[in-house]
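Below, each chain spelled out in residue letters.
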Amino acid sequence: MTVMPADLSGIDVRAEIERLRKERNAVILAHYYQKPELQDLADFVGDSLELSRKAAETDADVIAFCGVKFMADTAKILSPNKIVVLPDLDAGCSLEDSCPPEKFKAFREAHPDHIALTYINCSTEVKALSDVIVTSSSAETILQQIPRDQKIIFGPDRHLGGYLSRKFDREMLLWPGVCIVHEAFSETELLKLRAQHPDAPIAAHPECPPTIIDHADYVGSTSGILQYAKTMPGDTLIVATEPHIIHQMELAIPDKTFIGAPGADGNCNCNICPYMALNTLEKLYLALRDLEPRVEIEEGLRLAAKKSLDRMLDMASGTVGLGDLGAR
């Protein structure tokens with residue numbers, strides 16, 4: 001974790017970030033699940049892969065990724081010659097944690113006739129062990145290109161894999177990982193909310209369990225949900241994903257109302273990602289000042305992981321990251 005100094009009270013953190021952005025020739029990326037103050041100062045706001053691709057296209061020397069570790073790793077995979085910093089190195093992901101590389105390797109070896117279709121929310125090591133990486137926006141396009149007689153391992157998200165399996169009638173071996181944020185949504189509380197807003201559609205991320213997906217009017221990636229919010233009929237939307245996406249919705253469509261789907265008893269903050277919340281303006285300032293914590297990946301591992309990412313980009317072509325980006 002980034003060590004905070006005893007006192008930053010005498011520092012104008014926002015002004016220092018702006019100074020360091022120019023001085024370091026840095027591009028600042030913020031995922032949709034980051035706090036609004038980080039989204040507002042980012043050069044680009046979006047989904048994880050498209051942010052990494054966009055940063056790779058810039059002439060920046062430094063990428064400051066306000067997101068979680070696997071996202072910063074992906075940025076480094078695509079931009080090996082740029083310095084990549086993450087404001088808090090403890091900003092992890094429950095899906096990545098659920099899939100240790102050594103166990104995934106053993107699972108693959110136990111099923112040699114299966115290919116590994118792996119969600120991008122995983123470690124660099126697991127990417128290197130995979131055949132094709134998918135995102136929530138590209139998974140359907142890629143799955144439909146794989147012959148029906150080809151056996152598939154899908155990991156680490158069993159809910160996304162299960163959704164794809166049901167939608168396309170494809171049997172897959174599912175790794176038993178879940179996103180703790182999307183797992184926290186309550187079907188009972190969602191139905192109570194829908195009863196209060198009977199005309200409001202529900203948009204859900206495919207990382208949600210079936211008990212939530214089954215009630216959704218739209219299922220899609222974070223960027224897909226944002227696009228749906230712009231085009232849906234009506235003026236109210238119930239949103240079943242991490243609620244910080246609502247900030248971008250309110251900026252883009254201020255005349256509509258967005259309600260975050262509740263978790264547990266309807267009052268908890270358990271649908272806020274605790275890992276994303278570790279990043280702060282102060283830690284971003286320190287990361288730009290010190291160029292630490294820095295993401296480093298051994299070159300052989302990077303190239304092995306890049307193969308599965310490149311295969312995804314080839315198979316998904318125009319679908320990956322479509323509509324993901326909001327420029328500063």
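Residue positions within a chain follow its written sequence, with the count starting from 1. Side-chain atom pairs in this predicted model are given and counted only at pLDDT of 80 or more, local residue features only at pLDDT of at least 70, and totals for whole chains, interfaces and linings cover all residues. With hydrogens and water set aside, each side-chain value is computed from the structure's full complement of heavy atoms.

A. Main features of the overall build of the protein chain. In terms of helices and strands, the protein chain carries 16 helices and 13 strands. Since a compact globule built from 328 residues should have a radius of gyration of about 20 Å, the 19 Å found for the protein chain is in line with a globular shape. When its C-alpha atoms are laid out on the principal axes, the protein chain stretches across 55 × 50 × 35 Å. Here the term buried applies to any residue with accessible area under 20% of the maximum for its type, exposed to any over 50%, and partly exposed to those in between, with areas from a 1.4 Å probe on protein chains only. Counting the 328 residues in the protein chain, one finds 56% classified as buried. Note on contacts: a residue pair is in contact if any heavy atoms of the two residues lie within 4.5 Å. A fraction of 65% describes how many contacts in the protein chain between residues 6 or more apart in sequence connect residues 24 or more apart. For the protein chain, the exposed surface amounts to about 13500 Å²; the carbon and sulfur share of it is 50%. Charge counting follows a simple rule: Lys and Arg are positive, Asp and Glu are negative, and His as well as the terminal groups are ignored. Each charge is placed at NZ for Lys, CZ for Arg, CG for Asp and CD for Glu. Looking at the protein chain, you have 33 positive and 49 negative side-chain charges, and the mean spots of the two groups are 4 Å apart. The helix count covers DSSP runs of H or I at least four residues long, the strand count covers runs of E at least two residues long, and both are numbered beginning at the N terminus. When we talk radius of gyration, it's over C-alpha atoms, and the globule rule is simply 2.2 Å times the number of residues to the 0.38. Reported accessibility uses the Shrake-Rupley method at a 1.4 Å probe radius. Residues are deemed covered only where the shown protein chains occlude them.

B. Region of the structure containing the packing of helix 13 (residues 222–231) against helix 14 (residues 245–252). In this analysis, axes come from line fits to C-alpha atoms, helices being fitted only over the stretch in contact, and the angle between any two N-to-C directions falls in the range 0 to 180 degrees. Close contact between helix 13 and helix 14 brings their axes to 10 Å; oriented N to C, the two are set at 30 degrees. When the axis of helix 13 is compared with that of helix 14, the two are roughly parallel. The way helix 13 lies across helix 14 gives a crossing that is right-handed. Taking contact as the criterion, the partners of T222, I225, L226, A229 and K230 in helix 13 are, on helix 14, I245, Q248, M249 and A252. Ten residues, namely Ala, Val, Leu, Ile, Met, Phe, Trp, Tyr, Cys and Pro, are considered nonpolar, four, namely Asp, Glu, Lys and Arg, are considered charged, and the remaining ones, Gly among them, are considered polar. Along the lines of polarity and charge, the residues of the contact of helix 13 with helix 14 split into 6 nonpolar, 2 polar and 1 charged. Angle categories: roughly parallel below 35 degrees, roughly antiparallel above 145, roughly perpendicular from 65 to 115, and oblique for all the rest. Definitions for this section: a left-handed crossing has its near helix turned counterclockwise from the far helix by less than a right angle. A right-handed crossing has that turn clockwise.

C. Layout of unusual backbone geometry. Going from G155 to P156, the amide bond is cis rather than trans, its omega being -5 degrees. Looking at the secondary structure, you find P156 in the loop between strand 7 (151–155) and helix 9 (158–168). Cis geometry is found at the peptide bond from E292 to P293, where omega equals -5 degrees. With respect to the helices, strands and loops of the structure, P293 is situated in the loop between helix 15 (281–290) and helix 16 (299–316). You will see that D169, though not glycine, has its phi angle at about 50 degrees, which is positive. Note that D169 resides in the loop between helix 9 and strand 8 (173–174). Take D169: its relative accessible area is 61%, and that puts it in the exposed class. Here L291, not a glycine, exhibits a phi torsion of approximately 55 degrees, which is positive. Looking at the secondary structure, you find L291 in the loop between helix 15 and helix 16.

These figures come from the coordinates and say nothing about function on their own.
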